[in-house]
Amino acid sequence: MIALTVAGVVVLSAPTAAAQPHAAQPHAAQTHPPQLGPPVAAPPGLGPAGTSTVHGDVASTDTMPGRGPGADPAIVGALTGATCSTVFVGTDGMPVALCTSYVGLHPPTPLAPTVKLFHPDTAAVLAEVQLAKGALLGGVYGYLDERDRVVVADGNRRLLAVGHHRDPDGTWRMSVDVLADLSAGVPAGDAVTGLIPAFDGRVWFATSGGVVGTVRPGDDDTVRTLALPAGERITNGLTVRPGGASVITTRALYEIDLEPDGTPVVRWRHGYEVGPARKPGLLAHGSGTTPTYFGPGDSLVAITDDAEHPDLIVLRRADGSQVCRMPAFATSLAPDSAAPDGVLIEGPAATENSIIAVSGALVLVNTYGYEYPPFAVDGPAVPASAPYTGGMTRIDVRADGAGGADGTCSRAWTSLSRTASLPKLTTGDGQIHALAYGPSGVQRGLGPELGPLLDQGLAQKFGPVDVTSTDVETGREVARSFVGVAPLDEPMELTGTVVSRGDAPGVMWQPTLTRMLRIGPA
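These numbers come from a predicted model, not from an experiment.

Cut-offs applied
Residues numbered from 1 in each chain as written. Predicted model: local features only at pLDDT ≥ 70, side-chain atom pairs only at ≥ 80, totals over all residues. Heavy atoms only, no water. Helix = DSSP H or I, 4+ residues; strand = E, 2+ residues; numbered from the N terminus. Buried < 20%, exposed > 50% of the residue type's maximum accessible area, 1.4 Å probe, protein only. Contact = heavy atoms within 4.5 Å. Areas by Shrake-Rupley, 256 points an atom, 1.4 Å probe, with all protein chains shown as cover. Pairing = 2+ DSSP bridges. Polar contact = N/O pair within 3.5 Å; in protein donor to acceptor, adjacent residues only side chain to side chain. Patch = residues over 30% accessible without salt bridge, like charges linked within 9 Å, V, L, I, M, F, W, Y side chains within 5 Å. Salt bridge = Lys/Arg side-chain N within 4 Å of Asp/Glu carboxyl O. Phe/Tyr/Trp six-rings, centres within 6.5 Å; stacked < 30°, edge-to-face > 60°. Axes fitted to C-alpha atoms, helices over the stretch in contact; angles between N-to-C directions.

Undergrad: Would you mind going over the overall build of the protein with me for this structure?
TA: Tallying secondary structure elements over the protein gives one helix and 35 strands in all. Seen through its principal axes, the protein has C-alpha atoms that stretch 60 × 55 × 45 Å. The proportion of buried residues among the 522 residues of the protein is 58%. Excluding contacts between residues fewer than 6 apart, the proportion of contacts in the protein whose partners are at least 24 apart in sequence is 57%. When the accessible surface of the protein is split by element, carbon and sulfur atoms take 57% of a total near 19100 Å².

Here it is, written out as structure tokens:
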């Protein structure tokens, strides 16, 4: 490996590692490759397809057009002075990210929310602006509008649009426009954690305290809200459709419609099973999944519950009726739902990640045992920590049960990849891309006592970090390249994106604990 550091920019060049070996996974005869269908419809005012929202589109499918970074990408990274939760790329090709700076300077603030602009070739920070601090995770679910502005809520309960421009002397600068004051609908002490544009020109927002609302930018008097039951918190994003949205709380899934004046009203509520406490590897005590719309006309919605052994639950969007339900993961503790490949995830499994959806295929990623920073989680976990074994699985859904019967869910494959960032699927090559750790301690032959100790708590944060690509049809890892070493490049389950370059390999932008990575052709 050759490393060159110039003005804080680190360029790594390393040979592509061999694909991660794991148990054989033959393609089962009764499964079918997912059909990569048309892109999800986008509301007016949203930026480019795939790179403008946290989950790829407003249906939260975590898919995007184009191809991934390829089998032997160039890796360029730069220090950010922050940890960036989400990165977007606009029509101008400029990456911009929502970050938490270690120390903000204007004014001096520890862990300050900041929007940063990056160089499209070197990943160096070009400009930044600090926002008023509220909830630490507030703003994670911002989005990029059609003018390449990051739409986000600040700690003063204002809806902002953060843009960027270049002065005649070549200096990049940030600008902030106030789109609306949300304080009439967001109680003092609460914080906006979810934002997404509606299909009628309004903007949806959700708060950690369980308020769902809309506002028309430029008119504070149009704020309309719905307070969900006391004690139910919102810790995941919003998924929207024309005339409504899907919202999950720590206790239930809601399908919500809009009245003509923008007031949200509940169409149906589906309570789900909740375990006795927050699981290690989840941020809150409840489901970790943002709802995902998929299927014909986005007529289905998928989540996982929070049971001891979580289930995947697929419902009809129109009335909340159940299509199918099955264990979310095939594990050594609950092996009955194993795929034909017979692969099992060792120990418990659960997910904090949104479900990837492509046509009728769903991909779920196990995060049980992943060690989040103490300031990022909501309450203690039980147990306090656990080994992070990882794993990924594909479940195929058929909603056309004969004679009015329920549809079916069937597991197509399970892999043992230890992904550690939010995975994204590119439809041009049918591959799932993420940063990942290497094999677990047990997989490395360290034994049942020492192995799990090296995968638990802070110990899991030390070692090589790779970028991986997995074939969604077979579950096989098809590419793996070294990108850095944790803790410097700890993936933190952060959200990246992939910029399409047509039929050529795309460019993956991925934040880590300390850097922004550009992964793809030079």
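Undergrad: Please explain the sheet that holds strand 31 (residues 463-471) as it appears in this structure.
TA: Strands belonging to one sheet form pairs held by backbone hydrogen bonds; the direction of such a pair is parallel or antiparallel. Reading across the sheet, the five strands line up as 3-29-30-31-32 and stay open at both edges, with mixed pairing between neighbours. In this open sheet, the two strands that pair with only one neighbour each are strand 3 (63-64) and strand 32 (477-486). Relative to strand 32, strand 31 runs antiparallel, the two sharing eight bridges. Within strand 32, the position partnered with T470 by the bridge is E477.

Undergrad: Sorry, what's going on with the side chain of D489 here?
TA: Mapped onto the secondary structure, D489 falls in the loop between strand 32 and strand 33 (497-501). For D489, a relative accessible area of 1% puts it in the buried group. A polar side-chain atom of D489 sits 2.9 Å from a polar atom in the side chain of T512. Side chain to side chain, D489 and R515 meet in a polar contact 2.6 Å long.

Undergrad: Can you help me understand a nonpolar patch on the surface in this one?
TA: Taken together, the side chains of L446, L450, L453 and L454 present a nonpolar region at the surface, about 330 Å² in accessible area. Note on placement: L450 falls in helix 1 (residues 447-454). Residue classification places L450 among the partly exposed positions, given a relative accessible area of 43%.

Undergrad: In this structure, what is going on with the packing of aromatic side chains? I would like to understand it.
TA: Note on aromatic pairs: each is described by the distance of the centres and the angle between the planes. Summed over the entire model, instances satisfying the criterion amount to four aromatic pairs. An angle of 85° between the planes, with centres 5.5 Å apart, marks the rings of Y370 and Y388 as edge-to-face. Remark: Y388 occurs in the loop between strand 26 (361-365) and strand 27 (392-398) and Y370 occurs in the loop between strand 26 and strand 27; sequence separation between them is 18 residues. Here Y370 matches Y388 in class, with each residue buried. For the pair Y370 and Y437, a centre-to-centre distance of 6.5 Å together with 10° between the ring planes defines the contact as stacked. Of this pair, Y370 sits in the loop between strand 26 and strand 27 while Y437 sits in the loop between strand 30 (431-436) and helix 1; the two residues are 67 residues apart in sequence, bridging distant segments of the chain. Y437 shares its class with Y370; the two are buried.

Undergrad: When you look at the sheet that holds strand 6 (residues 95-105) in this model, what are you seeing that I'm missing?
TA: One open sheet holds the four strands; their spatial order is 5-6-7-8, and the pairing between them is antiparallel. The sheet is open, and its two edges are formed by strand 5 (82-89) and strand 8 (125-130), each paired on a single side. With strand direction ignored, the average angle separating the axes of adjacent strands in the sheet is 30°. Relative to strand 6, strand 5 is paired through seven bridges, and the arrangement is antiparallel. Of the residues in strand 6, the one forming a bridge with T86 is L98.

That is the geometry; function is a separate question.
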